[in-house]
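Residue-level structure breakdown
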Amino acid sequence: MNSDQLTSLPSESPPPAGPPLRVPRSLVIAAFVVVGIWLNDLLAWNASATLLITGLAVVMAHFLAQWRWTHAESFMLGIALLGLGASLWAVRNSANAGGDIGQLAKENQIETRTPLQVTGTIANIPALDVPADSLRQLSSRPQQVRTLFLLQATSLKQNGSPVEVRGTCRVLVEGDGTNLWRWGDQVELTGQIDLAQAPGNPGEFDYAQHLYRSRISVMMFVKHPAAVAVLESHKWNPRVWMSDFRQHIVALLRTQLSAKNRATAEALLLGNRGHLPPELERDFVASGTMHLLAISGLHVGILYVFLVRVFNVLLLPRTRSLILAGSVCLLYCLLTDLRPSVTRATLFIVLHIFGQLICRDIRMGSLIGTTILILVAFDPSIAFDVGAWLSFLAVGALGWISDRTPPPEDRSVPLDILSWQDRVNNFRVAAFDWLLLRYRQMLAVTMLSAPLVASQFHVVSLTGMIINVLLIPLTGCILIAGFVFIAVGAFVPPVAFLPGVLFQTLLSLLNGAVAIAGDVRFGFITIPDLPGWFLPAYYLLLIASAAASHLKVQQTCRLLLLVIVIVALGLTCTAPTPTGFTCTMLSVGHGNAVVVETDNGKLLLFDAGALNRGERTSDLICRFLWRKGYRMIDTIVISHPDADHYNAVTGLLDRMPVGNVVISSQFCRSEAVEVKDVLNKISSLNLKCDIAVSGDRIETGGLKIEFLQADLNAAGNTADNASSLVAVLRIAGRCICLPGDLEGQGQQQLLSELPQCDLLLSPHHGSPAANQKAFATRTQPQNVVVSARDDRLRNALQSVYESSTLWMTSEAGAVSYQITADGATTISSYAESQTAGL
């Protein structure tokens, strides 16, 4: 072989990694604008500063382009786009003419505890909602319903003349008023306004920030539909027509479907999950199929494809078919009350139709980028919508797989000359290829969305990868049946039951399949908070892997991805290292939830409930534990059968593993249906349940717990509060007393047995009847924590506990009491830590 032949041999270069990721310009621009919004949310620059930065960056980019400094020009354009995003957020939050109703309330110009009259215009379609705690009730009790809508406030009256205001109110009316009010009606409401409070516990969802980003100024509570008077209604307004049509659909669902199927149907078709039972919602989350209930591109896309196919069968011209299908999708968007997910999907389809009409095939990335830019221009808060990003990630994953899937080969043999064996073989191959493609798509969607889902919902579903491939076609059939049901019910109501039977059957299949998948004990795992570095590192490595043009670079990125996933799961699945003894009394409003972390790594929870807020309290407790790194609760102790001490237990059992439950004999004997619900839940999970009596003890590590309980049977006193189970905790020479709602005759009977304590949880949430001078003299606490909704009892309690430090959870937030091995103590509040952090 000569030298010429040697030089002609191919060099040993790394094999290509396939076509690299080509990011459309619109997607890059959208990414910079969104990052600018995020930055300004952190830095809070005003509109003038951001607009100045944007203008200077544009001018600099212009001069750099003239000087042909390409890289410097690109850098300045990036700064300009960041400034544009920051400007959008600053302008959106800037004050307009007139006083904002929320700002006036913060400045105490509006008394939130007294009734007032607010006038304004209803800004969306009123919808019914059932509180989660009411949904948990047994069918023997009527469910509490309430009506929710947004109100654009124009004026208010409180003990005087009307005052001109502005801002959006989130209105909650006790009762059903959906047939009384319409979208666009001008109304006058009489009720109380309330401001969402900042989080009072570590890990708690920041509802105040959520409302702020949603441009909702205040919440308003109205006791009865009669307190809402319609001042003006425009019957010929299209918004009124959409309201009436939606209520007609809701009535159809109510009459034709069972209660459970109706809840699923409203979530699937209208985006209203207000009727969804908590246990069914848990099944959807646990099975990894919650996205099926969130109206998104899947739902609108199925409607669009179904309509196009129908119009094709009717031999309508393609242009007319596309326009008609797009118009129906727009009407559906209005029918679902312009929900953000539906708006995103509809805009996406409209852009696709526009590309088809001008004979230009717009790439998936360009469609996503353009959609984001349009949505951000109208509402910059889309940048903080987790549902939006999950939707965009899912669509992007499907587009990525579609671009890399070769088109089907042309059939070279006429179908009519194939034998039946050939046809069976072709069908088998086609079915396998279809299943393989669907699993590739599901894997891509999971790779992109699972980390974000895990960070938000603390659930990693293992069954989702299997069941989603089976349920998505079923969901498509359900949606088509639902759309047909709506159409028939709208135009020919008497025969709506015909498609209603099919719709009912398919919904039952979906609910049954989800329930089976959700009950698989090892089908999902709950995880604590992921490390802060994980999400940025994960998505940066994923993008680098997709953009790599060399196989070695791509393989390295994938290996690093696997490494950080293993490290993150290892960190989250490892129990937190004990740092001594900590007792944290969470801020749950009028209720109790005391978390005890022992020096040997055990976790105990004393009571778990709040007045009318059981589901919210269970979520709050779980978020606190996940933030601390815990994945399970060793023991739950319930002091007595009052709802504000146990109504979060069922939700906790749904979300976290629990070792055992300790209850009192009074709890077992209670006839309350909610108590029976808790006991049935404990039994269904085969949990160990102990009945504690006075004198019982628990020891774990250096902690000793003694239970005290008054014996009131002989006196004939069966009051729940008087027979509360008192827990006395002793460690390192210190004493903590958790008396539940102990008061009255029970408190008098136990008074001589109660110890002097370093920390006392005020009995019965600070009630004067339970916090008598004799009780304070006997216990002599150094610190008293009052777990209540407000601080109106502060002065009265301070006069009772004269030498004690008083902590009100309504002001201080969660209160943590730490004891070291040598008996040294520190006490702190969450509000103090937040102030120090600022």
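Located above this text is the structure these notes cover.
These notes cover the structure that comes with them. (Residues numbered from 1 in each chain as written. Predicted model: local features only at pLDDT ≥ 70, side-chain atom pairs only at ≥ 80, totals over all residues. Heavy atoms only, no water.)

**Regarding helix α14 (residues 364-378)**
- Compared with the 21 Å implied by 1.5 Å per residue over 15 residues, the 22 Å span of α14 between its first and last C-alpha is a close match.
- Among the residues of α14, those classed as buried are Gly365, Ser366, Leu367, Ile368, Gly369, Thr371, Ile372, Leu375 and Val376. (Helix = DSSP H or I, 4+ residues; strand = E, 2+ residues; numbered from the N terminus. Expected span 1.5 Å × (residues − 1). Buried < 20%, exposed > 50% of the residue type's maximum accessible area, 1.4 Å probe, protein only.)

**What about the packing of helix α2 (residues 25-43) against helix α4 (residues 70-93)?**
- For the pair α2 and α4, interaxial distance at closest approach is 7 Å and the crossing angle is 55°. Considering the angle they form, α2 stands oblique to α4. When you trace α2 past α4, the crossing you get is right-handed. On α4, the residues touching Ile29, Phe32, Val33, Val35, Gly36, Ile37, Leu39, Asn40 and Asp41 of α2 are Gly78, Leu81, Leu82, Leu84, Gly85, Ala86, Leu88, Trp89 and Ala90. (Axes fitted to C-alpha atoms, helices over the stretch in contact; angles between N-to-C directions. Parallel < 35°, antiparallel > 145°, perpendicular 65-115°, else oblique. Left-handed = near helix turned anticlockwise from the far one by under 90°. Contact = heavy atoms within 4.5 Å.)

**Some points on the packing of aromatic side chains**
- Applying the stated rule across the entire model yields 9 aromatic pairs.
- Seen from their ring centres, Trp89 and Phe384 are 5.0 Å apart, and the 55° between their planes marks the pair as tilted. Here the residue Trp89 occupies a position in helix α4, and Phe384 occupies one in the loop between α14 and α15 (386-403), the gap between them amounting to 295 residues. In this structure, Trp89 and Phe384 share a single accessibility class: buried.
- Their ring planes at 40° and their centres at 5.6 Å tell us that Phe534 and Tyr538 sit as a pair that is tilted. Here Tyr538 and Phe534 lie together in helix α19 (residues 534-547), a separation of 4 residues that amounts to about one turn. Accessibility assignment for this pair places Phe534 and Tyr538 in one class, buried. (Phe/Tyr/Trp six-rings, centres within 6.5 Å; stacked < 30°, edge-to-face > 60°.)

**A word on the side chain of Ser724**
- Mapped onto the secondary structure, Ser724 falls in the loop between β19 (703-708) and β20 (726-731).
- Take Ser724: its relative accessible area is 0%, and that puts it in the buried class.
- Separated by 3.3 Å, the side chains of Ser724 and His640 make a polar contact.
- Within the structure, Ser724 has its side chain in polar contact with the backbone nitrogen of Asp741 (distance 3.3 Å).
- Residues in contact with Ser724, not counting those within four places in the same chain, are Ser639, His640, Leu708, Gln709, Pro739, Gly740, Asp741 and Leu742. (Polar contact = N/O pair within 3.5 Å; in protein donor to acceptor, adjacent residues only side chain to side chain.)

**Here's the deal with the pairing of strand β14 (residues 603-610)**
- Among the 8 residues in β14, 8 count as buried, and that is most of the element.
- Note: strand β13 (residues 591-597) against β14, 7 bridges, orientation antiparallel. In the sheet register, Gly591 faces β14, and the bridge partner there is Ala610.
- The hairpin formed by β13 and β14 contains 5 residues between the paired strands, and Gly601 there has a positive phi angle of roughly 85°.
- Examined bridge by bridge, β14 and strand β15 (residues 633-637) share 3 bridges and lie parallel to one another. Counted as the bridge partner of Leu605 is Ile636 from β15.
- Tracing the backbone out of β14, into helix α21 (residues 614-628) and back to the parallel element β15 gives a crossover that is right-handed. (Pairing = 2+ DSSP bridges. Right-handed = clockwise from strand over helix to strand, strands pointing away.)

**Thoughts on the sheet that holds strand β26 (residues 825-829)**
- The sheet built from 8 strands is open, its strands ordered β17-β16-β15-β14-β13-β12-β25-β26 with mixed pairing. Edge strands, defined here as strands with exactly one partner in the open sheet, are β17 (688-691) and β26. Each strand axis lies, on average, 20° off the axis of its neighbour in the sheet, ignoring direction.
- Along the sheet, α21 makes contact with β12 (581-585), β13, β14 and β15, crossing β14 at roughly 155°.

**Comments concerning the sheet that holds strand β21 (residues 734-738)**
- Spatial strand order, β18-β19-β20-β21-β22-β23-β24: 7 strands in an open sheet with mixed pairing. Sheet topology places β18 (697-700) and β24 (805-808) at the edges, where each strand pairs with a single neighbour. Sheet twist, expressed as the average angle between the axes of neighbouring strands with direction ignored, equals 15°.
- The pairing of strand β22 (residues 759-761) with strand β23 (residues 783-786) spans 3 bridges and is parallel. Within the sheet, the bridge partner assigned to Leu760 lies in β23 and is Val784.

**So, unusual backbone geometry**
- Although it is not a glycine, Leu315 sits at a positive phi angle of roughly 60°.
- Among the structural elements, Leu315 can be located in the loop between α11 (297-313) and α12 (318-335).
- Since its relative accessible area comes to 73%, Leu315 is described here as exposed.
- If you check the backbone angles, Asn686 has positive phi at about 55° while not being a glycine.
- Relative to the helices and strands, Asn686 is located in the loop between α25 (673-684) and β17.
- Under the relative-accessibility criterion, Asn686 is labelled exposed at 71%.

**With respect to empty space enclosed by the protein**
- Per the counting criterion, the structure on display carries 3 cavities of 30 Å³ or more.
- Estimates place the volume of the largest cavity at around 90 Å³.
- Lining the largest cavity we find 13 residues, and of these Phe606, Asp607, Ser639, Leu725 and Leu738 sit closest to its centre.
- Only β13 and β14 provide two or more residues apiece to the lining of the largest cavity.
- Approximately 60 Å³ is the volume attributed to the second largest cavity.
- Lining the second largest cavity are Pro126, Ala127, Leu128, Thr178, Arg246, Gln247, Val250, Arg254, Glu266, Asn272 and His275. (1 Å grid on protein atoms, 1.4 Å probe; cavity = no way out; pocket = protein on both sides within 12 Å on 5 of 7 lines; lining within 4 Å. Points joined across faces, edges and corners; volume = space filled by probe spheres on them.)

**Focus on the pairing of β20**
- Burial analysis of β20 places 5 of its 6 residues in the buried class, the great majority of the element.
- In the sheet, β19 pairs with β20 via 5 bridges, with the strands oriented antiparallel. Pairing of Lys704 across the sheet is with Arg730, part of β20.
- In this structure, β20 lies alongside β21, joined through 5 bridges in antiparallel fashion. Bridge pairing links Ala727 to Leu738 in β21.
- Between the end of β20 and the start of β21, which pair antiparallel, lie 2 residues, with Ala732 showing a positive phi angle near 50°.

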